[in-house]
Amino acid sequence: MSLLSFDDRDGQIWFNGELLDWRDAKIHVLSHGLHYASAVFEGERVYDRQIFKLTEHTERLVKSGRILGFEIPWSVAQIDEACDLVVEKAGIVDGYVRPIAWRGSEMMGVSAQKTRINLAIAAWEWPAYFTPEARMEGITMTISDWRRPAPDTAPTGSKAAGLYMICTLSKHAAEAKGFSDALMLDYRGLVAEATGANIFLVINGRIHTPTPDCFLDGITRRTVMDLARLHGYDITERAIRPEELADATEVFITGTAVEVTPVRQIDDYRFTPGEITRNLMEAYDAEARRPHEAAAMVRHSAA
Ligand code: PMP
């Protein structure tokens, strides 16, 4: 398989306030973010040329940095504008945006008080590859040996690069066993989330999702919860034990990248993607593609 490497593409990347040629957007090997994971990032989707929930993502990026003890030297409005600019310059219709902030090279040690905070924003075209019918088949998952850490063990409220170490390990282990993703339990042994998405269970016609007290409270998760309520579904956030997977008829995961994706299997538990999952997939797609002119105008007048 030939891969189009992410460092060898045409286009431009926003890098500390400038638009650089894609291949020139480089950092030095002695960057604190690389050695000590002092980096936070976002993943955003572009639907019909508009970044969905842009300001929520930017606000989370800024918050993630603050949780790691640093302040990104651009305002939310400036970052929003830069993301819009990158998407517009690249002419992206349906795509993905990746802002990342990291500590620079000024200090190389655990203490990093005087490092510069850098920010880069890249975006690329990313059309939907699977038809809704194909997606309704559902993915397969296996429970990971790695657990989400307690909030006093890691900065769990931050979308911090370092927290993905156990996600990559879990995902690779799942793929090696022939599954598409891993379900991660938390430090208490409760159901937490997938490696890059939140999880929902349908039990007796009601929707249940774990309380996000030690993992990311996804922007998609919150959107889907609102849509579920609008559709008249009963939805509960609570502690969920893995044994309860036996009672679930439908299971789905949510996230910027996976949107709403049905799950047909978690280890020996089987589910049948059904009406609730399908309705929420369609509702999410309609919401993401709803024109956001009004929201964009408010954003730009505030900038
Ligand atoms: N959990 C993890 C670990 C993630 O990486 C993501 C994707 N950002 C999510 C949950 C879902 O978050 P969102 O819906 O904001 O994309």
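What you see is a predicted model; the values in this text were computed from it and never measured.

**Some thoughts on the pairing of strand β2 (residues 18–21)**
Here strand β1 (residues 12–15) runs beside β2; their pairing, made up of 4 bridges, is antiparallel. Each bridged residue has a counterpart across the sheet, and for Trp-14 the counterpart in β2 is Leu-19.

**Observations concerning the domain arrangement of the protein chain**
The figure often quoted for interface size is the accessible area lost as the parts come together. With domains assigned, the protein chain is organised as domain 1 (12–125) and domain 2 (132–302). Each partner contributes residues to the interface: domain 1 has 28 residues there, and domain 2 has 26 residues. Across the contact surface, domain 1 and domain 2 share 2 salt bridges. The residue Arg-289 makes a salt bridge to Asp-48 at a minimum N-O spacing of 3.0 Å. Counting across the interface, domain 1 meets domain 2 through 9 residue pairs in polar contact (both at pLDDT 80 or more). Here the side of domain 1 that touches domain 2 takes 8 residues from helix α2 (residues 54–67), the largest share from any one element. For the side of domain 1 that touches domain 2, the residue count by class is 11 nonpolar, 5 polar and 12 charged.

**Digging into the packing of helix α6 (residues 219–230) against helix α7 (residues 275–289)**
Two numbers describe how α6 lies on α7: the axes approach to 10 Å, and their chain directions differ by 110°. Classified by the angle their axes make, α6 and α7 are roughly perpendicular. The crossing of α6 and α7 is right-handed. Across from Thr-220, Thr-223, Val-224, Leu-227 and Ala-228 in α6, the residues of α7 making contact are Leu-280, Ala-283, Tyr-284 and Glu-287. Looking at the contact of α6 with α7, its residues break down into 6 nonpolar, 2 polar and 1 charged.

**Notes on the side chain of Ser-64**
Assignment of secondary structure puts Ser-64 in helix α2. Residue Ser-64 is classed as buried on the basis of its relative accessible area, which comes to 1%. A distance of 2.9 Å separates a polar atom in the side chain of Ser-64 from the backbone nitrogen of Lys-159. Discounting residues that sit within four places of it in the chain, Ser-64 has contacts with Val-40, Ser-158 and Lys-159.

**With respect to the site of the ligand**
Residues in close proximity to the ligand total 14 residues, the closest being Tyr-164, Glu-193, Ile-219, Thr-220 and Thr-256. Take Lys-159: an N or O atom from its side chain is 2.8 Å from a nitrogen atom of the ligand. Notes on the ligand: free accessible area 390 Å², of which the protein chains cover 95%. Classifying every residue of the shell around the ligand by side-chain character gives 4 nonpolar, 7 polar and 3 charged.

**Comments concerning the nonpolar core**
With 25 residues, the main nonpolar core has Ile-72, Ile-79, Val-97, Leu-119 and Ile-121 as its most contacted residues. Residue assignment for this core shows that the elements contributing at least two residues are α2, α3 (76–90), β6 (95–103) and β7 (117–125). Considering every element that reaches this core, the biggest residue donor is α3, with 5 residues. Both domains that furnish three or more residues to this core are identified here as domain 1 (12–125) and domain 2 (132–302). Excluding residues within four positions of it along the chain, Ile-121 makes contact with Ile-13, Trp-14, Ile-79, Ala-82, Cys-83, Val-86, Val-97, Arg-98 and Pro-99.

**Concerning the environment of Gln-78**
Its location among the elements puts Gln-78 in helix α3. Its relative accessible area of 42% is what places Gln-78 among the partly exposed residues. Along the sequence, Gln-78 and Pro-149 sit 71 residues apart, while their C-alpha atoms lie 33 Å from each other. Only 2.8 Å separates the side chain of Gln-78 from the backbone nitrogen of Ser-75, close enough to count as a polar contact.

**Focus on the packing of aromatic side chains**
Counting across every chain of the model gives 9 aromatic pairs. Pairing Trp-14 with Trp-74 gives two aromatic rings, centres 5.2 Å apart and planes at 75°, and the pair type is edge-to-face. Placement of the pair is Trp-14 in strand β1 and Trp-74 in the loop between α2 and α3, with a sequence separation of 60 residues. The same class applies to Trp-14 and to Trp-74, which are both buried. When the centroid spacing of 5.3 Å and the interplanar angle of 85° are considered together, the rings of Tyr-96 and Trp-126 count as edge-to-face. Here Tyr-96 is found in strand β6, whereas its partner Trp-126 is found in the loop between β7 and α4 (132–135), with 30 residues between them in sequence. Residue Trp-126 is classed as partly exposed on the basis of its relative accessible area of 26%.

Conventions we followed
Residues numbered from 1 in each chain as written. Predicted model: local features only at pLDDT ≥ 70, side-chain atom pairs only at ≥ 80, totals over all residues. Heavy atoms only, no water. Pairing = 2+ DSSP bridges. Helix = DSSP H or I, 4+ residues; strand = E, 2+ residues; numbered from the N terminus. Domains from an automatic or database assignment. Contact = heavy atoms within 4.5 Å. Salt bridge = Lys/Arg side-chain N within 4 Å of Asp/Glu carboxyl O. Polar contact = N/O pair within 3.5 Å; in protein donor to acceptor, adjacent residues only side chain to side chain. Nonpolar A, V, L, I, M, F, W, Y, C, P; charged D, E, K, R; others polar. Axes fitted to C-alpha atoms, helices over the stretch in contact; angles between N-to-C directions. Parallel < 35°, antiparallel > 145°, perpendicular 65-115°, else oblique. Left-handed = near helix turned anticlockwise from the far one by under 90°. Buried < 20%, exposed > 50% of the residue type's maximum accessible area, 1.4 Å probe, protein only. Near = heavy atom within 4 Å. Areas by Shrake-Rupley, 256 points an atom, 1.4 Å probe, with all protein chains shown as cover. Core = buried A, V, L, I, M, F, W, Y, C linked by side-chain atoms within 4.5 Å. Phe/Tyr/Trp six-rings, centres within 6.5 Å; stacked < 30°, edge-to-face > 60°.

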